[in-house]
Amino acid sequence: MSKALKLELPWVEKYRPKVLKDVVGNAETVERLQLIAQDGNMPHLIISGLPGIGKTTSIHCLAHELLGESYGDAVLELNASDDRGIEVVRNKIKQFAQKKVQLAPGKHKIVILDEADSMTAGAQQALRRTMEIYSNTTRFAFACNQSNKIIEPLQSRCAILRYTRLLDEQVLDRLLLVIKAEGVEYANDGLEALIFTAEGDMRQAINNLQSTVAGFTFVSGENVFRVVDSPHPLVVRKMVLSASAGQIDDAIDYLNTLWAKGYSAVDIASTSFKVTKNMVEIKEGRRLELIREIGFTHMHVLEGVSSYLQLSGMLARIADMA
């Protein structure tokens, strides 16, 4: 198969785990899901956590292991951010719960609701009654970013599992697996850039990898940052270090370089935060002061207050601390 044909299928789907043992990270929580798969009696579930860390994938893996060949007929997946109104509960979900499916004894149909924290309060209230009536035949699995946006009556009916962000080493291991399988040429700074920009989000890391290969064929740090349209952390690092040393003119020059390339104030502020928190050569107390200053600037920029002026002011205040 040619490389062009390989790129037609998103790698994030091509390399999505099919069984629970292949899910990356959150080992203790995944182990609990494996015990549920072995026991065969799945409770209603809520899995909460940041985007791209395996919540929905874990539920699909669990459903595959529980249902086997019946998976296609016995699973209904809805993205609640699109289908989030009360009519969806009354129509799609209720009809699926009423549907007769031939399953082995002790098995249940499964409704997977992705982005469940986007469901309206009315839809969630209607779902509570549906869960009660059809619990003998149908189990519900919610994937959400914030479990506190799920109403209490639904939370009390579910086992709640929390996923944490993936470690850089875990993201790196999976990236190397994909790179080897696809025969991708890369440099070490390219891997570092993918991990830096992903921030523990496996989906974003793999998507950025595929986008870089599609655009440049070679995965280098420079190419990755061009694809994700993010300020290069080395330039941001020099900017912050210059300001921290009291060299305000140099710091402003670095800021002007980034600004001239069209990077937004939000991107520059957020990259400054990510870079500064890893500056081990600066003492912790001093580093916390810089992070505090960057945080306030980020907040003001998000409020829409004169962006370039805010960034310049941030550098001036950092230089004033020197």
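Residues numbered from 1 in each chain as written. Predicted model: local features only at pLDDT ≥ 70, side-chain atom pairs only at ≥ 80, totals over all residues. Heavy atoms only, no water.

A look at the state of the cysteines
Tallied over the entire structure, the rule returns zero disulfides. Free of any disulfide, Cys 158 has its nearest neighbouring cysteine sulfur in Cys 144, separated by 9.6 Å. Classification of Cys 158 as buried rests on a relative accessible area of 12%. (Disulfide = S-S within 2.5 Å. Buried < 20%, exposed > 50% of the residue type's maximum accessible area, 1.4 Å probe, protein only.)

Some details on the nonpolar core
With 70 residues, the main nonpolar core has Leu 33, Leu 62, Leu 209 and Met 239 as its most contacted residues. In contact with Leu 209, other than residues within four places in its own chain, are Trp 11, Leu 175, Val 178, Ile 179, Leu 194 and Val 219. By size, the runner-up hydrophobic cluster in this structure holds 22 residues, among which are Ile 93, Met 119, Met 131 and Ile 151. (Core = buried A, V, L, I, M, F, W, Y, C linked by side-chain atoms within 4.5 Å. Contact = heavy atoms within 4.5 Å.)

Thoughts on the sheet that holds strand E5 (residues 159–162)
In spatial order, the strands read E2-E3-E4-E1-E5; together these five strands make up an open sheet with parallel pairing. Strand pairing shows two members of the sheet lacking a second neighbour, strand E2 (75–79) and E5, which therefore form its edges. Ignoring which end each strand starts from, the neighbouring axes of this sheet average 15 degrees apart. Of the pairings in the sheet, the one linking strand E3 (residues 109–114) to strand E4 (residues 138–144) comprises five bridges and is parallel in character. In the strand pairing of E4, Ile 110 is matched with Arg 139. Contacts from helix H7 (residues 121–133) reach E3 and E4 within the one sheet, and its direction differs from that of E4 by about 145 degrees. (Pairing = 2+ DSSP bridges. Helix = DSSP H or I, 4+ residues; strand = E, 2+ residues; numbered from the N terminus. Axes fitted to C-alpha atoms, helices over the stretch in contact; angles between N-to-C directions.)

Digging into the pairing of E4
On any regular strand, side chains alternate: one points to one face of the sheet, the next to the other face. With seven of its seven residues buried, E4 lies for the most part within the structure. Here E4 shows two buried faces, one formed by Thr 138, Phe 140, Phe 142 and Cys 144 and the other by Arg 139, Ala 141 and Ala 143. One ladder, built from four bridges, connects strand E1 (residues 45–48) with E4; its direction is parallel. Within E4, the position partnered with Ser 48 by the bridge is Cys 144. Regarding topology, H7 serves as the crossover connection from E3 to the parallel E4, and that connection is right-handed. (Right-handed = clockwise from strand over helix to strand, strands pointing away.)

Points about helix H15 (residues 265–276)
With 12 residues, H15 ought to run about 16 Å at 1.5 Å a step, and its terminal C-alpha atoms sit 16 Å apart, in line with that. Turning to H15, its buried residues number three or more, namely Ala 265, Ile 268, Ala 269, Thr 271, Ser 272, Lys 274, Val 275 and Thr 276. On its buried side, H15 packs onto helix H10 (188–198), helix H13 (233–244), helix H14 (248–260), helix H16 (284–302) and helix H17 (307–321). (Expected span 1.5 Å × (residues − 1).)

What to know about the packing of helix H11 (residues 202–216) against helix H12 (residues 221–228)
At a closest axis distance of 9 Å, the pairing of H11 and H12 adopts a crossing angle of 105 degrees. Our classification of the angle between H11 and H12 gives roughly perpendicular. For the pair formed by H11 and H12, the contact residues are Asn 208, Ser 211, Thr 212 and Phe 216 on the first element and Asn 223, Val 224, Arg 226, Val 227 and Val 228 on the second. Taken together, the residues that form the contact of H11 with H12 break down as four nonpolar, four polar and one charged. (Parallel < 35°, antiparallel > 145°, perpendicular 65-115°, else oblique. Nonpolar A, V, L, I, M, F, W, Y, C, P; charged D, E, K, R; others polar.)

That is the geometry; function is a separate question.
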